[in-house]
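The residues making up each chain are set out below.
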Amino acid sequence: MERSVPNVEYDPDQFPGLIFRLESPKVTSLIFKSGKMVVTGAKSTEELIKAVKRIIKSLRRYGIRIGGKPKIQIQNIVASANMHVHVNLDKAAFLLENNMYEPEQFPGLIFRMDDPRVVLLIFSSGKMVITGAKREDEVYRAVKKIFDKLESLECIKPIEEEEELEI
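Below or above, wherever it landed, is the structure these notes cover. Computed from a predicted model, the values in this text were never measured in an experiment. (Residues numbered from 1 in each chain as written. Predicted model: local features only at pLDDT ≥ 70, side-chain atom pairs only at ≥ 80, totals over all residues. Heavy atoms only, no water.)

Some details on the packing of aromatic side chains
Tallied over the entire structure, the rule returns two aromatic pairs. Between phenylalanine 106 and phenylalanine 123, the ring centres sit 5.7 Å apart and the planes meet at 65°, which makes this aromatic pair edge-to-face. In this pair, phenylalanine 106 is assigned in the loop between strand 7 (99–100) and strand 8 (109–113) and phenylalanine 123 in the loop between strand 9 (118–122) and strand 10 (127–133), connecting sequence segments 17 residues apart. A relative accessible area of 31% places phenylalanine 106 in the partly exposed class. (Phe/Tyr/Trp six-rings, centres within 6.5 Å; stacked < 30°, edge-to-face > 60°. Helix = DSSP H or I, 4+ residues; strand = E, 2+ residues; numbered from the N terminus. Buried < 20%, exposed > 50% of the residue type's maximum accessible area, 1.4 Å probe, protein only.)

This is the structure:
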């Protein structure tokens, strides 16, 4: 397969999977001997489905036999968000449960949310990374929920207009 399909890398001494890169949508697929495939880089569920279909079509075009319809299962969505506020992380670390904040080690507060079950990395700039979601709506719910919680705990303050323009 690594010799017949373009945009493929395979070095079993370095990694057990075959690396297949797609330009549009821009994703990377790791394909294993078991037939399982991991796709990273998709910006949405729709883009992921489109990418998987395109990868399978491309593999079939080069004579790779693929039986049946693929079962797509989203394991982990990683997203970023900007709340456009300053976050007092010291205060948030003191008032929120299920968090870890060690500014000498890492500049963000790590918050483990139970519902939805995600982990948020929250920065004083108001930006955050959300990981662990299985559906896009969980990302939106998590962002709204943490914003509302930080607001109710008085851990956020608006960014002044001049500051926002400088960023």
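Looking at the nonpolar core
In terms of nonpolar packing, the biggest core is built from 24 residues, with Val87, Phe111, Leu120, Ile122, Met128, Ile146 and Leu150 touching the most fellow members. Where this core is concerned, the elements lending two or more residues are strand 5 (77–82), strand 6 (85–87), helix 2 (89–95), strand 8, strand 9, strand 10 and helix 3 (136–152). In terms of residue count, the dominant contributor to this core is helix 3 (five residues). (Core = buried A, V, L, I, M, F, W, Y, C linked by side-chain atoms within 4.5 Å.)

Description of unusual backbone geometry
For the peptide bond that leads from serine 24 to proline 25, omega is -5°, which places it in the cis range. Note on placement: proline 25 falls in the loop between strand 2 (18–22) and strand 3 (27–31). Following aspartate 115, the chain continues into proline 116 via a peptide bond in cis, with omega recorded as 0°. Counting through the fold element by element, proline 116 comes out in the loop between strand 8 and strand 9. Residues other than glycine seldom take positive phi values, yet asparagine 98 does so here, at roughly 55°. For asparagine 98, the position within the fold is in the loop between helix 2 and strand 7. Judged by relative accessible area, asparagine 98 falls into the partly exposed class, the value being 43%. Even without glycine at this site, glutamate 154 takes up a positive phi of about 55°. Its location among the elements puts glutamate 154 in the loop between helix 3 and strand 11 (156–158). Residue classification places glutamate 154 among the exposed positions, given a relative accessible area of 61%.

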